[in-house]
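# Chains, contacts and geometry: an overview
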Amino acid sequence: MALVLTIDDAQWGDGESGEILRELLVPESGARALVLLVYRDGEAHGSLAESLRDWTPARRFDLALGPLSDVDIADLLRRTTDVDEASALELARRAHGSPFVGRELAHALRTVGPQLAAADPSALLHARLASLAPDERRLASLTALAGRPLPRSVALAAAGLAEDGFLTALALERGSVLAGFPGDEHRIGIYHDQLRGALLATLAPDETRGLHGDLAEALEQAPRRDLELLLGHLLGAGRNPRAIEVAVDAAEQASARLAFDRAAVLLQRALDAGTTGPQRVELLRRQGQAWRDAGTDARASGNRARSAASVGRAPASTASRSCARVASQGHVCGPSAASARTRVNR
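These notes cover the structure that comes with them. Fair warning: this is a prediction, and the values are worked out from it, not measured in the lab. (Residues numbered from 1 in each chain as written. Predicted model: local features only at pLDDT ≥ 70, side-chain atom pairs only at ≥ 80, totals over all residues. Heavy atoms only, no water.)

Let's shift gears to the packing of aromatic side chains. Under the definition given, this model contains one aromatic pair. Measuring from ring centre to ring centre gives 6.3 Å for Phe100 and Tyr191, while their planes differ by 40°; the resulting arrangement is tilted. Here Phe100, found in helix 5 (residues 99-111), pairs with Tyr191, found in the loop between strand 5 (187-190) and helix 11 (193-201); they are 91 residues apart in sequence, far enough to count as distant. Taking relative accessible area as the criterion, Tyr191 reaches 34% and is therefore assigned partly exposed. (Phe/Tyr/Trp six-rings, centres within 6.5 Å; stacked < 30°, edge-to-face > 60°. Helix = DSSP H or I, 4+ residues; strand = E, 2+ residues; numbered from the N terminus. Buried < 20%, exposed > 50% of the residue type's maximum accessible area, 1.4 Å probe, protein only.)

This is the structure:
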C-alpha cells in the first residue's frame, strides 16, 4: 500500500519536522509515499518545506497554484452561493482569479446590494471589517496579529472576553472572518490572508504593541505554553527582558528534544534582544555548545571568538584570526553571522 500525506500551511512547520519525515521515509524502509506540502509562496524559509527541498532520495515536483479561471470561479460561486448564472459570471470576471474575492463579491451582493458589490474588492473588505462589533473587531485583530491559529481560550483571554465569548468567536467563524480548527483544543485563525492584511493595515503602532502585550499575557497564563509563540509577542510588545528569559527556556526545550539547530537560533533571538555583559557571554557559550551538538563546529568556533571579544579576553587581532579560520571553511563570523543566521532561520 502507498501512503499519501498532505500537510497544509507547511510554512508553519519547522525544519526538525522535515528531518523526522526524511528518517521515516528513507528508501530502505520500503515505504511508498506521496508527500504533498502546501505552503505560501515566499514564506518557506527555515520551514518544513525548505528542509525537504534538497532531499535527494525523493522525486520532487513543484506545482505553482495560479489564479483560477473565470469559468472555474463562476462554477464555484454557483455551487456555494445563491447567485444566479449571469451574476456568477460577472462576479468571476471581477474577482481576477481569486475565489476568496469572488465569494466576498457574492456576499456583498446578497447582504448590501449591487452598489457595494460593484466597488473595488479592497473596499469590500474594509466595509466588512467596519461592520464588526467592537468585541468582534478586537478578537479578529488579535487573531490576525498572531499569524497562525491560536487556542480559542487564549484568543478570548487576550481579548478580555468572558466565558461566553465563544459566541463571538462562533459568529466570526460563521461569517467567514475566522476559521475554526477542531481538535483536542479548538483553535481559531483568520479565514483568509487578504482579511488578515486588511486588519493589520488598520492597526496603529501603539495599538499593535498593546495587542502583542495582551497576547503575551494570555499565553503566559495558558495551561500549555507555546514558548516560541510567546517569545514573538513579548518582542512585539517591547518586553525584551522577559523575552530573553523565554528564549532561553525555549532553547533548553529544543535541546532536550535534540533540536540543537533550533536551540541555537532561539539563543540568537535572545542575543538580539539586547543582552550585555556576563549574560551575553553565557548565551554565546550556550549557543556555541548548541552549534557543536548540531555538528556545526565552524559556527561554534565563531561563537568562541565573539565571546572572547565580548569580555576583552582576546585582542581584536586574535578574534579576527579566529574569524578568518571560520570564513575559510565557508561560514560567516562576527556580528554579521548573527544577522545572517537570523535571516535564514526566521
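We now examine the environment of Leu36. Of note, Leu36 is situated in strand 2 (residues 32-37). Each C-alpha atom, one on Leu36 and one on Thr6, is 4.6 Å from the other, the two residues being 30 residues apart in sequence. The contact partners of Leu36, leaving out residues within four places of it in the chain, are Leu5, Thr6 and Ile7. (Contact = heavy atoms within 4.5 Å.)

Let us now look at the sheet that holds strand 5. Taken together, three strands build an open sheet; the order of strands is 3-5-4 and the sheet is antiparallel. Edge strands, defined here as strands with exactly one partner in the open sheet, are strand 3 (150-151) and strand 4 (178-181). Across two bridges, the pairing between strand 3 and strand 5 is antiparallel. Of the residues in strand 5, the one forming a bridge with Pro151 is Arg187. (Pairing = 2+ DSSP bridges.)

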